[in-house]
Amino acid sequence: MADLKGIAEAIIKGDRDTTAAKVDEAIKENIAAEQILNEGLMAGMSVIGERFKKNEVYVPEVLIAARAMKAGMDLLQPLLAAAGVEPVGRVVLGTVKGDLHDIGKNLVRMMLQGGGFEVIDCGIDVSAEKFIESIKESGAKVLAMSALLTTTMPQMAEVVKSIKDAGIADVKTMIGGAPVTQAYADEIGADGYAPDAASAVDTAKELAGS
Ligand code: B1M
């Protein structure tokens, strides 16, 4: 019997081998890839996200859970693609120009992927032009920007303005990072803010309308 609950538990424990073995088992038992994703992998990752928000687990546990999730996703991805399963939404993500910090941004990517989003990660030191190019290429409806320096926060305002100037009306912007606040998001006209990587999934879902 396929053990979807066991997959979720393996993700929570960060047990990569058990996750992969149980996903493989479920695939062989012809359980739909989407069901394995929703009731196994995403269910586990969402528990980790909630615990992270409550400071019951920390960055290392999230990274290890994300690594287990990736092992399962590697097996599921071809089946999801073949079944034409659409992601919850598509997000362009990056750390803004002048800023090289990517640990928090990478956590945000992992949590978003764990929440069913397709993420186009532009990396670090990303200019407004590069963000806009990536939005146009991917058709993403959410742009998520990270900044860790007070000196690079104004880049977020620059990107929000550039998107408006470029006439891109159907993209919502969200921001985060240690020095960033809701008040700053309001000030620069960003559509959303999240204080941590797990909350970023909730904000992205709200903005993507999913
Ligand atoms: Co830098 N650094 N650093 N640094 N660094 C800080 C940020 C600093 C606070 C240290 C200090 O002085 N106490 C300080 C900034 C001061 C300020 O601006 N107020 C600082 C500085 C000054 C610098 C340099 C200028 C130092 C120098 O060269 N003189 C330089 C700048 C380089 C550059 O970017 N141009 C620099 C360089 C570096 C390293 C390269 C050495 C390294 C980065 C390595 C890397 O990222 N690959 C580094 C590190 C590691 C840090 C500290 C120690 C840790 C940052 C981190 O990864 N935290 C940091 C001090 C500290 O925080 N204790 C510091 C863990 C991470 C999980 O948290 O990124 O906050 P965080 O992400 C959280 C949330 O903020 C949120 O979710 C995450 C998880 O909950 N979040 C989002 C993040 N992005 C989000 C986006 C969202 C939503 C939520 O939606 C889109």
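Shown above is the structure to which this text applies.
Bear in mind the structure is a predicted one, so any value in this text is a computation, not a measurement.

## Some words on the layout of surface pockets
Inference 1: By volume, the largest pocket amounts to about 660 Å³.
Inference 2: Surrounding the largest pocket, 28 residues form its lining, Met 73, Gln 77, Gln 113, Phe 117 and Glu 118 being those nearest its centre.
Inference 3: Broken down by secondary-structure element, the contributors of at least two residues to the lining of the largest pocket are α3 (33-53), α4 (59-82), α5 (103-114) and β2 (117-121).
Inference 4: If you tally residues by element for the lining of the largest pocket, the top one is α4, at ten residues.

## Details of the coordination of the cobalt atom of the ligand
Inference 1: Of the protein atoms, His 101 (NE2) alone serves as a donor to the cobalt atom of the ligand, at 2.2 Å.
Inference 2: Within the fold, His 101 resides in the loop between β1 (89-95) and α5.

## What to know about the side chain of Ser 162
Inference 1: Looking at where Ser 162 falls in the secondary structure, it is placed in helix α7 (residues 153-165).
Inference 2: Excluding its chain neighbours within four sequence positions, the residues that come into contact with Ser 162 are Ala 128 and Ile 132.

## Things to note about the site of the ligand
Inference 1: By nearness alone, 26 residues border the ligand, and Leu 100, His 101, Asp 102, Ser 146 and Thr 150 come closest of all.
Inference 2: In the model, an oxygen atom of the ligand is placed 3.1 Å from a nitrogen or oxygen of the Ala 178 main chain.
Inference 3: Within the backbone of Ala 197, an N or O atom sits 3.3 Å from an oxygen atom of the ligand.
Inference 4: Listed by contribution, the elements that provide at least two residues to the shell around the ligand are α5, β3 (142-146) and β4 (172-176).

So, how was this worked out
Residues numbered from 1 in each chain as written. Predicted model: local features only at pLDDT ≥ 70, side-chain atom pairs only at ≥ 80, totals over all residues. Heavy atoms only, no water. 1 Å grid on protein atoms, 1.4 Å probe; cavity = no way out; pocket = protein on both sides within 12 Å on 5 of 7 lines; lining within 4 Å. Points joined across faces, edges and corners; volume = space filled by probe spheres on them. Helix = DSSP H or I, 4+ residues; strand = E, 2+ residues; numbered from the N terminus. Donors = N, O, S within 2.8 Å, 3.2 Å for Na, K, Ca; no water. Contact = heavy atoms within 4.5 Å. Near = heavy atom within 4 Å. Polar contact = N/O pair within 3.5 Å; in protein donor to acceptor, adjacent residues only side chain to side chain.

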